[in-house]
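Listed below, chain by chain, are the residues.
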Amino acid sequence: MTVDIPVARRAPIVRALGVRKRYGDNEVLSGIDLEVGQGEVSCVIGPSGSGKSTFLRCVNHLERIDAGRLEVNGHLIGYREKNGRVYELREKEIAAQRREIGMVFQRFNLFPHMTALENIMEAPVLVRRESKAVARDRARALLDRVGLGPRGDAYPAQLSGGQQQRVAIARALAMEPTLMLFDEPTSALDPELVGEVLDVMRDLAADGMTMLVVTHEIGFAREVADTLVFLDGGVVVESGKPREVLANPKQERTRAFLSKVL
Amino acid sequence: MKDEALKAVPVRHHSRWVFLALIAAGAVLVVRAFLDADIDYGVTRQFLTADNVLRGLGNTLLISVLAQAVGIALGVGAAVMAGSRFGEVRAVSALYVWLFRGTPVLVQLLLWYNLSLVVDTVSIPGLGTWATNDLVTPFVAALLGLGINEGAYMAEIVRAGINSVDKGQTEASQALGLSRAQTMRRVVLPQAMRVIVPPTGNQFVSMLKTSSLAYAIQYGELLQSAVRIYTNNLMIVELLLTVSVWYLVLTTIATVLQRYLEKRYSKGVQR
């Protein structure tokens, strides 16, 4: 089965080939082919249950794939290949791979017992063995970058949803990832708070970050994405330049979906 | 309507006065029984600060704190094991809880105390060999008996705490590259504490009193100090009241401590 794979202009950061994933009898991903090039923003849209979040979670091995290949930065995720055989990676090695991949969740998942600054410092101090002073300075700079400079000492519960999500983005950036995954980052937000999070993501894209974004924000996708991927029934139904896909969907399923959300 | 406070006649609950009267009548009966009885409260007060009683008090506090610490350590271990990916590890944890929660702690204490009937020597290669009787003093037997039993209860409490933490927290830590151990120590357990602390305080209050069972294996705790004294002077009730006062003091302090810890671990949670 071949699906038109977007031609990456530079070396791909993410490369998925025939990725399959099933829960019991229910196959959620039925052969996903997808590439995200260096510095590209790829937005994944699709109806609920289409497997888009599951695919994203496979990219940093929060879910393990059942078949196919999934590479980030040219390395198989969760596995190692040697002499034509595939070996599972150890916990430590998987953790090392995940350091290269930032992830932002729909429900933020900030650590509620830590302040905003502590949330951001946690991984650099624990995982990269940065000194607290260095980590704190960088955390402050990151908070500035997401527009929350003065709120470093606030606990997540004292922040609005939009602010929490911006802290979560800063926390992911603190590990200096080469790839950022966004899992419906604005879906849990009140409508008036969506803009501030999208603004941060737009800036990030402009700075050249490679981003894979599962989203319902068609406007954001049209404006920021290099590639729009439409997922349905566990396969990539259609992908291409967002303006083209949105204006001239080639597949009936894409047309049907877009007519509901646009 | 003006800005006046609304004045309404509250509903009368006459039954609460009936209830209070019944309780008061019962209390009067009990107090009178104790006052009429041949009890020398001077003796009760006098022995509060007797050397032997204070030594017993110290030992009760010592064994309770240490056994609770052993219990917490074992409980955390068993709870983490109960969440393992490996069935064998989960089974070991379940077996431990089943065994030590399923038999009376007094029986366990007596078994530890009589361990020499099972194994008469303990040897560690390269270090030496000891007679079990020399190793398992009443203190050691009490610590093992109370601590290991406590661990089985703490395991359930800690497990409930770990399960109360949102799965997204673990995912966020993993996504950041934290190891399983780091995730547990820095992210999951601190949040689980909010659920773990209240019942643990309860367990410690219980431990302060349960430690009196160590009296049965010759450990010199508070109750034993009283028994030793009243077998000489026959002031049985006086001395039992003496230790009751001390137990109440200990459990009250423990309760205050528990409130303080609860506050501390609800950090970041909006009330």
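Since the structure is predicted, the reported quantities are computational estimates derived from the model, not experimental observations. (Residues numbered from 1 in each chain as written. Chains lettered and ligands numbered in written order. Predicted model: local features only at pLDDT ≥ 70, side-chain atom pairs only at ≥ 80, totals over all residues. Heavy atoms only, no water.)

1. Here we look at the overall build of chain B
Stated formally: Comment: elements are numbered from the N terminus, with helices defined as DSSP H or I runs of at least four residues and strands as E runs of at least two. Throughout, the radius of gyration refers to the C-alpha atoms, and the reference size of a globule is 2.2 Å times the residue count to the power 0.38. Under the scheme applied here, a residue whose accessible area is under 20% of the maximum for its type counts as buried, over 50% as exposed, and between as partly exposed, the area being computed with a 1.4 Å probe on protein chains only. The charge count treats Lys and Arg as positive and Asp and Glu as negative. His and the chain ends do not count. In this description, the location of a charge corresponds to atom NZ of lysine, CZ of arginine, CG of aspartate or CD of glutamate.
Along the backbone of chain B there are 11 helices and two strands. The helix and strand sequence of chain B, counted from the amino end, reads α-α-α-α-α-β-β-α-α-α-α-α-α. For a compact globule of 271 residues, the expected C-alpha radius of gyration is about 18 Å, and chain B comes in at 25 Å, more than 25% above that figure. When the backbone C-alpha atoms are referred to their principal axes, chain B occupies close to 75 × 70 × 30 Å. The 271 residues of chain B split such that 37% are buried. Treating the 23 positive side-chain charges of chain B as one cloud and the 16 negative ones as another, the clouds have centres 12 Å apart.

2. Observations regarding the sheet that holds strand β10 (residues 210-214) of chain A
All names here are of chain A. Inclusion rule: Strand pairing requires that DSSP identify at least two bridges connecting the strands. Note on definitions: angles span 0 to 180 degrees between N-to-C directions of axes, and those axes are lines fitted to C-alpha atoms, for helices only across the stretch in contact.
Pairing is mixed across the open sheet formed by six strands, whose spatial order is β8-β9-β10-β3-β11-β12. At either margin of the open sheet sits one strand with a lone partner, and together these are β8 (101-104) and β12 (235-240). The average undirected angle you get between the axes of adjacent strands in this sheet is 20 degrees. Inspection of the sheet shows strand β11 (residues 227-232) paired to β12 by five bridges, in the antiparallel sense. Within the sheet, the bridge partner assigned to Asp 232 lies in β12 and is Val 235.

3. Observations concerning the interface of chain A and chain B
Our working definition: Any pair of residues with heavy atoms lying within 4.5 Å of one another is described as a contacting pair. Here the quantity called buried area is the total loss of accessible area, with a 1.4 Å probe, experienced by two parts when brought into contact, counted for both. Criterion for a salt bridge: a side-chain nitrogen of Lys or Arg within 4 Å of a carboxyl oxygen of Asp or Glu. Gly falls in the polar group here, along with every residue not listed as nonpolar (Ala, Val, Leu, Ile, Met, Phe, Trp, Tyr, Cys, Pro) or charged (Asp, Glu, Lys, Arg).
On the side of chain B, 21 residues touch chain A, which itself brings 27 residues to the contact. Taken together, the two surfaces of chain A and chain B that pack against each other cover about 2,100 Å², and 56% of this comes from carbon and sulfur. Per-residue buried area on chain A facing chain B is highest for Phe111(A), His113(A) and Leu126(A); these three make up 25% of the total on that side. Viewed at the interface, chain B and chain A are joined by four salt bridges. A salt bridge links Glu171(B) to Arg57(A); the shortest N-O distance between them is 2.7 Å. Only α2 (91-98), β8, α3 (116-126) and α5 (161-173) of chain A provide two or more residues apiece to the side of chain A that touches chain B. Considered class by class, the residues forming the side of chain A that touches chain B number 16 nonpolar, four polar and seven charged.

4. Some details on a nonpolar patch on the surface
Residue and element names in this part refer to chain B. The condition is simple: Within this analysis, patches are made of residues with over 30% relative accessible area and no salt bridge. Like charges are joined at 9 Å or less; nonpolar side chains (Val, Leu, Ile, Met, Phe, Trp, Tyr) at 5 Å or less. Accessibility throughout is a Shrake-Rupley quantity obtained with a 1.4 Å probe, and a residue counts as covered only by protein chains that appear here.
On the surface, Leu 29, Val 30, Phe 34, Ile 236, Val 237 and Leu 240 cluster together to form a nonpolar patch covering roughly 510 Å² of accessible area. When contributions to the nonpolar patch are tallied by element, the ones reaching two or more residues are α1 (15-36) and α11 (236-265). Residue position: Leu 29 is located in helix α1.

5. Some details on α3(A)
Along α3(A), 10 of the 11 residues are buried, which leaves the element largely enclosed by surrounding structure. Within α3(A) the residues assigned to the buried category are Ala116(A), Leu117(A), Asn119(A), Ile120(A), Met121(A), Glu122(A), Ala123(A), Pro124(A), Val125(A) and Leu126(A). Tucked into the core, α3(A) has its buried residues touching α4 (132-145) and α5 of chain A together with α9 (180-210) of chain B.

6. Things to note about the environment of Met103(A)
Inspection of the secondary structure puts Met103(A) in strand β8. Residue classification places Met103(A) among the buried positions, given a relative accessible area of 6%. Met103(A) sits 47 residues away from Leu56(A) along the chain, and the two C-alpha atoms are 9.2 Å apart. Aside from chain neighbours lying at most four places away, what touches Met103(A) is Leu56(A), Arg57(A), Asn60(A), Leu62(A), Ala172(A), Leu181(A), Asp183(A) and Ala175(B).

7. Description of the confidence of the model for chain B
As a reminder of what qualifies: As a per-residue measure, pLDDT tells how confident the predictor is, with possible values from 0 to 100.
Looking at chain B, pLDDT values average 92 and 97% of them are 70 or higher. For this predicted complex, the interface confidence reaches an ipTM of 0.90, while the overall pTM sits at 0.82.

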